[in-house]
Structures are given as C-alpha cells and as structure tokens.
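These are the residues of each chain, in order.
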Amino acid sequence: MNLLKLATVSFALLSASEAWSAGVSATVKLVPSEESPIIQKEIYGQFAEHLGTCIYGGIWVGEDSPIPNTNGYRNDVIKAMRELKVPVLRWPGGCFADEYHWRHGIGPRNQRPRMVNNNWGGTVEDNSFGTNEFFNLCELVGAEPYLSGNVGSGTVEELATWVEYITAEDGPMAELRKQNGREKPWHLKYLGVGNESWGCGGNFLPEFYANVYRRYQTYCRDFNGNHLYKVASGASDYDYDWTEKLMKIAGRHMDGISLHYYTVTGWSGSKGSATDFDADSYYWTLGKCLGIEPVIKRHCEIMDKYDPKCHVGLLVDEWGTWWDQEPGSIPGHLYQQNTMRDAMVAALSLNVFHKFTRRVKMANIAQIANVLQSMWLTKGDQMVLTPTYYVFKMYVPHMEATYVPVEVTTGYRHVDGDRMVPDVSATASLKDGVYTISLTNVDLEKEATVEIPVQNIGAKVVVGGDILTCANINDYNDFGQQEKVSLKKFANAKINKGILTVNMPAKSIITIQVK
Ligand code: AHR
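Because the structure is a prediction, the values reported are computed rather than measured.

(A) Geometry of the overall build of the protein chain. Within the protein chain, the regular secondary structure consists of 11 helices and 27 strands. For the protein chain, whose C-alpha radius of gyration is 23 Å, the value lies close to the compact-globule estimate of 24 Å for 515 residues. Oriented by its inertia axes, the alpha-carbon framework of the protein chain measures out at about 70 × 55 × 45 Å. The 515 residues of the protein chain split such that 60% are buried. The contacts of the protein chain with a sequence gap of at least 6 include a subset with a gap of at least 24, amounting to 76%. As displayed, the protein chain has an accessible area near 20100 Å², and 50% of this comes from carbon and sulfur atoms.

So this is what it looks like as structure tokens:
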C-alpha cells in the first residue's frame, strides 16, 4: 500500500505521454474471501439497437439473402455470439425503443408498416426484424432477452400487451402470437421501462418519471410462471439526483435501475477519431474510462441508503467508447472502427464491474455490431472481429466465477484533473479450482514484470494463457486484410517458489489460469 501511495505521489507530476523511465513492474496480491460474490454473467451483456447496420446487416440478413444464414440470422454472427456465450441481449433500443411500436413488427414481413427512424439518421425502418425475430434469436444462441419498453411515446396498454404477447399461454395476445407462428410463449426476464427517460425517452423530470414508472410496471404482469425483472430507466454519468429520487419514490417497485456511462470526450463537437490519436489522447481515454468507478460507487452509496440489502441491481446497460463516426459512413449511424485502445477500455471497464458485482447485476456494451464499440463489423458477407470482441472472449472464464479481490501495487500516471491511470490493472476469479487472472499493461512503451504470490491460494501450475497485443496502439482489424489484433496463446508466465511471474509486453492484455 505504501508503495502504491508513493507511486501516486511520485508520478503525479508526469505528463500523460511521459514514460516511466525505470520500466514497469507490479505486484498483484490475490485476497480470496469467503464472502466474495459470484461475477454475474450478465456483466458480459450486449446491446442491439435499430441503429445504422447493427440489426440489418450486422445480425439479420433475412432468409433470402445470399449471405450464409440460418432463418435469416447471419451464420458468422450465430457462431460469434455462441463463442462469447452472450448471456443477455438488450433490444430494440436505446432511443429507438421509445418510438418503437411493437405491433408494427409482427405478422407477415411484407405487410409490416414502415417508419422513419428519427433518432438515427432518418433511415426508413421496414420492421422486418421484430418481436418474433428477436426472441427466436435469443433462443437460438442461448441469450436472455432484455426488452426495452416504450414509455416516451407509447401507452401503458401497449407495453402491458407486449409482455402478454410474449409470455402468456392463453388469451387474445397469445392467440395473436400463435397466428404468427409461435405456439409456446417465450421466456422474458428483463423488462426495461423506458430508456434515458431524462432525454430521448421523454425528457421527464425525475419525480414525474418515477411516478410514471410505478404506473407502467403495475400493468406488466407475470404470466404462466414467467417472472419479470423490472428495470427503471436510470441516470446518465454524474446525475446522482436522478438515482436519489428514483430510489426514494419508486425503489420498492423495481428490481433494477440502469446507468449509462460512455467513454467520450464530450457531447458537442468532435469526439475524436477512432483510429487516429496520440499518446495523450490514449491515456486520457483510459482515465475517462476508469472514471466509471467513482461514478458507480456514488450511485451505489445512494442505492445503499434506500436498499441496504441490495435487492435492486444497478444495470450499466449502456457503456463503451464513442468516437466520431468513420469518414464516409452514413451520418447518424454511429459506425466506428475499433482499435487496441478500445480493447483496453473494455478490459478496464470489465475489471471495474467485477469489483461491484454485489450491486452491478448487468452491463451491456454499446453495441454488438457495426455501432459504437462493437464486437464485430460487417460489410456484405464479410465480418471482422474487433479487438473488443477478443477481450470479451478472453474474459469468458470469469463469467459466473467467484470474484477474488486483488491488491495491485504499481505506478500511476496522472492524466486529467485528479484522474490517475495505473500502469498495470488486474482482476481475478475462481471457478472449479482454477484461478483466472486478467492483467492489463497500458504502457505504450514499456514491458511490465508482474509478480503474483500464489502460495496462499495453493496454485502450483499454469494451465492456460492468452494474450491480446499489437504493434501499434491504433491497430485494428479490417476487411480483406489479415487480422492485426487477435488472441494468441501466451506462455511467458511461470510459477517459481510460490511466485507467478508474468512478463507482459507493452500495451497488452493477458489472461492466465493457474491451479
Ligand atoms: O447507444 C446509442 C445511444 O446512446 C442510445 O440509443 C441511447 O440510449 C444513448 O444515448
């Protein structure tokens, strides 16, 4: 701890791009605790909005497409979703959700009405991907559906009957579903009652929305053994007043409340290029990303006041990087490339979610395909997997493992205001007798030697290791080219005399498994 403090003081005066001349080294101490919670697999959740080519092209191509598909879903997408073991998928928005009328998205596809997607570039939406298509996809890949309901421009009756259409065995909505080819109800757990209700979801004031929320959720029923987990539309970033008022007025009526936090430079003007950035901007980004930790902490403190036993989950149901869209892409479609910098943001954010797993019950990166910090990009029949995809893949062993707290002693760099970025970050978990330790060396220049005492956990052998790194921090994977950033086996870790030593290249993310 002293060393950590010393590091904090010593390096506070370094500018972001200055390297630590002495090289990078770190110690990671695993502190297993009997009371440690399980890391919710839903923290690895995804989000798919009717926005740009996230759904159309990025997931769904239709049965008649020449692109290889199963019932209209891209085969490469099905494979990728299964590889990531996507636990939960949020749909249909985002801002789109509060203008979406579900009855327009059922029945024969060629008879579905069209609409203008007012939030996202004015694109005409043909509603060919609707309720049946979404729930069938979730079943196909084994993901839990997370439905985002329309509060802003919809009615209570509309949301109530949507739940009935999806989950009831009998009655008029069940009949309608059966006419549309689906006999059995689907399973629906997560129901979002509005999205960003302080903004695109209706511009509500918190007190008013809290009461509207109480009303809407009243009529969303549990049919035939289905049990809804009801999520109130929560705050953005630092809006603690929203959480305070929601918890006070409606806390007893919810199972979860959401939080949105984007790693973004600001909401007006340029957000910066996804691929063309300098070292200062890189370190700034990591500082902004880590800024989610005090934000979650503060929202949790407010929730603790009203719900000390953690009945209500905090769901970070939108997070990730937001850059300027790629030059030449369609305005409003939020199509951005994804570099090793984005991978760093993914790893550091997931590490933070692990720490708060007692309260953070879900997180959904924005978004799964072709939008913002996506898992993959598609062009026609081609798909590239992004560096962020590989972080999610590398972290799969943490899903539903027991969280193991860590103490990291490392150098820090001062990036902005009081934001500090550690050279080395770590997270750890335990499942079936195997410890999974994920490490991040963010330094652009220096290798890191990380020492992890493992005697206290009884580990004797390294049983697995993966590494994600790159030649240049702005490397990305592109169509028709060999992957520049991909997961490789990592063998540069050994246990000697009770110490696991990991030699990390600069700008690398490594997962080691020991037992
Ligand atoms: O993810 C893109 C948009 O960001 C979502 O539609 C909205 O909820 C948020 O502002």
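From this point on, the discussion continues.
(B) Summary view of the side chain of Thr161. Inspection of the secondary structure assignment puts Thr161 in helix α4 (residues 156–167). Residue class for Thr161 comes out buried when judged on its relative accessible area of 11%. Of the polar contacts made by the side chain of Thr161, one reaches the backbone oxygen of Glu158; its length is 3.1 Å.

(C) The arrangement of the packing of aromatic side chains in detail. In the structure shown here, the tally under the stated rule is 28 aromatic pairs. Residues Tyr165 and Trp186 carry aromatic rings whose centres are separated by 6.4 Å and whose planes lie at 40° to one another, so their mutual orientation is tilted. With Tyr165 in helix α4 and Trp186 in the loop between α5 (172–179) and β9 (190–193), this residue pair connects regions lying 21 residues apart in the sequence. Of the two residues, Tyr165 and Trp186, neither departs from the other in class, the shared state being buried. Of the aromatic side chains, those joined through ring pairs into one cluster are Trp60, Tyr73, Trp91, Phe96, Tyr100, Trp102, Phe129, Phe134, Phe135, Trp162, Tyr165 and Trp186. Sitting above the plane of the Tyr146 ring, Arg90 keeps its charged end 5.7 Å from the centroid.

(D) Expanded view of the packing of helix α2 (residues 75–84) against helix α3 (residues 131–141). With their axes 9 Å apart at the nearest point, α2 and α3 run at an angle of 55° to one another. Viewed along their axes, α2 and α3 adopt a mutual orientation that is oblique. Read as a crossing pair, α2 and α3 show a hand that is right-handed. Note on element contacts: α3 touches α2 through Leu137, Leu140 and Val141, opposite Ile78, Met81 and Arg82. Class assignment of the residues belonging to the contact of α2 with α3 gives a composition of 5 nonpolar, no polar and 1 charged.

(E) Up close: the layout of surface pockets. For the largest pocket, the calculated volume is near 630 Å³. Surrounding the largest pocket, 23 residues form its lining, Leu290, Glu293, Lys355, Tyr412 and Pro422 being those nearest its centre. Within the residue set of the lining of the largest pocket, elements represented by two or more residues are α8 (279–290), α9 (292–306), α10 (340–355), β17 (406–409), β19 (419–422) and β20 (424–431). When the residues that make up the lining of the largest pocket are grouped by side-chain class, the tally is 13 nonpolar, 5 polar and 5 charged.

(F) Layout of the nonpolar core. Counting residues in each nonpolar core, the largest one holds 128 residues, and the members touching the most others are Ile296, Ile368, Trp376 and Ile509. Beyond its immediate stretch of four places on either side in the chain, Ile296 contacts Leu259, Leu314, Val316, Val352, Phe353, Phe356 and Val360. Counting residues in each nonpolar core, the second largest holds 26 residues, with Ala26, Tyr435, Leu439 and Leu500 among its members.

(G) Here's a closer look at a negative patch on the surface. On the surface, a cluster of negative charge is made up of Glu169, Asp170, Glu175 and Glu183. Along the polypeptide, Glu169 turns up in the loop between α4 and α5. Residue class for Glu169 comes out partly exposed when judged on its relative accessible area of 41%.

(H) Summary view of the pairing of β19. Relative to β19, strand β18 (residues 412–416) runs antiparallel, the two sharing 4 bridges. Its bridge partner being in β19, Asp416 is matched across the sheet by Arg419. Connecting β18 to the next strand, β19, in antiparallel fashion are 2 residues, including Gly417 with a positive phi near 55°.

(I) Up close: the pairing of strand β12 (residues 313–321). Extensive coverage of β12 is indicated by the burial of 9 of its 9 residues. Bridge count between β12 and strand β13 (residues 360–366): 4 bridges; the pairing is parallel. Paired with Trp319 across the strands is Ile365, a residue of β13. Handedness of the β12-α10-β13 crossover: right-handed.

(J) Structural context of the site of the ligand. For the ligand, the set of nearby residues contains 13 residues, the closest of which are Glu49, Cys95, Glu196, Tyr262 and Glu318. Glu318 places a side-chain nitrogen or oxygen 2.7 Å from an oxygen atom of the ligand. Starting from 280 Å² of accessible surface for the ligand in isolation, the protein chains cover 94%. For the shell around the ligand, the per-class residue count stands at 6 nonpolar, 4 polar and 3 charged.

(K) Quick look at the sheet that holds strand β24 (residues 488–489). Read across the open sheet, the 6 strands follow the order β16-β20-β21-β27-β23-β24; overall the sheet is antiparallel. Strands with a single pairing partner mark the edges of an open sheet, and in this sheet they are β16 (402–404) and β24. Taken together, the 3 bridges between β16 and β20 define a ladder with antiparallel strand orientation. Opposite Thr402, over in β20, you have Leu430 as the bridge partner. Sheet contacts for α10: β16, β20, β21 (434–441), β23 (462–468) and β27 (508–514); angle to β27, the most-contacted strand, approximately 45°. Each of β23 and β27 touches helix α11 (residues 387–394); the most contacted strand, β23, lies at about 165° to it.

(L) Geometry of the state of the cysteines. All chains considered together, the criterion is met by 1 disulfide. With its sulfur 2.2 Å from that of its partner, Cys95 forms a disulfide with Cys200. Disulfide Cys95-Cys200: the torsion about the S-S bond is -85°, which places it as left-handed. Of the two residues, Cys95 sits in the loop between β5 (88–91) and β6 (115–117) while Cys200 sits in the loop between β9 and α6 (206–218), which places them 105 residues apart along the sequence. Overall, the relative accessible area of 13% leaves Cys95 in the buried class. Not engaged in a disulfide, the cysteine Cys310 finds its nearest cysteine sulfur in Cys300; these two sulfurs lie 7.4 Å apart. For Cys310, a relative accessible area of 21% corresponds to the partly exposed category.

Parameters and conventions
Residues numbered from 1 in each chain as written. Predicted model: local features only at pLDDT ≥ 70, side-chain atom pairs only at ≥ 80, totals over all residues. Heavy atoms only, no water. Helix = DSSP H or I, 4+ residues; strand = E, 2+ residues; numbered from the N terminus. Rg over C-alpha atoms; globule rule 2.2 N^0.38 Å. Buried < 20%, exposed > 50% of the residue type's maximum accessible area, 1.4 Å probe, protein only. Contact = heavy atoms within 4.5 Å. Areas by Shrake-Rupley, 256 points an atom, 1.4 Å probe, with all protein chains shown as cover. Polar contact = N/O pair within 3.5 Å; in protein donor to acceptor, adjacent residues only side chain to side chain. Phe/Tyr/Trp six-rings, centres within 6.5 Å; stacked < 30°, edge-to-face > 60°. Lys NZ or Arg CZ within 6 Å of the ring centre and 35° of its normal. Axes fitted to C-alpha atoms, helices over the stretch in contact; angles between N-to-C directions. Parallel < 35°, antiparallel > 145°, perpendicular 65-115°, else oblique. Left-handed = near helix turned anticlockwise from the far one by under 90°. Nonpolar A, V, L, I, M, F, W, Y, C, P; charged D, E, K, R; others polar. 1 Å grid on protein atoms, 1.4 Å probe; cavity = no way out; pocket = protein on both sides within 12 Å on 5 of 7 lines; lining within 4 Å. Points joined across faces, edges and corners; volume = space filled by probe spheres on them. Core = buried A, V, L, I, M, F, W, Y, C linked by side-chain atoms within 4.5 Å. Patch = residues over 30% accessible without salt bridge, like charges linked within 9 Å, V, L, I, M, F, W, Y side chains within 5 Å. Salt bridge = Lys/Arg side-chain N within 4 Å of Asp/Glu carboxyl O. Lys, Arg positive; Asp, Glu negative; His and termini not counted. Charge placed at Lys NZ, Arg CZ, Asp CG, Glu CD. Pairing = 2+ DSSP bridges. Right-handed = clockwise from strand over helix to strand, strands pointing away. Near = heavy atom within 4 Å. Disulfide = S-S within 2.5 Å.

These figures come from the coordinates and say nothing about function on their own.
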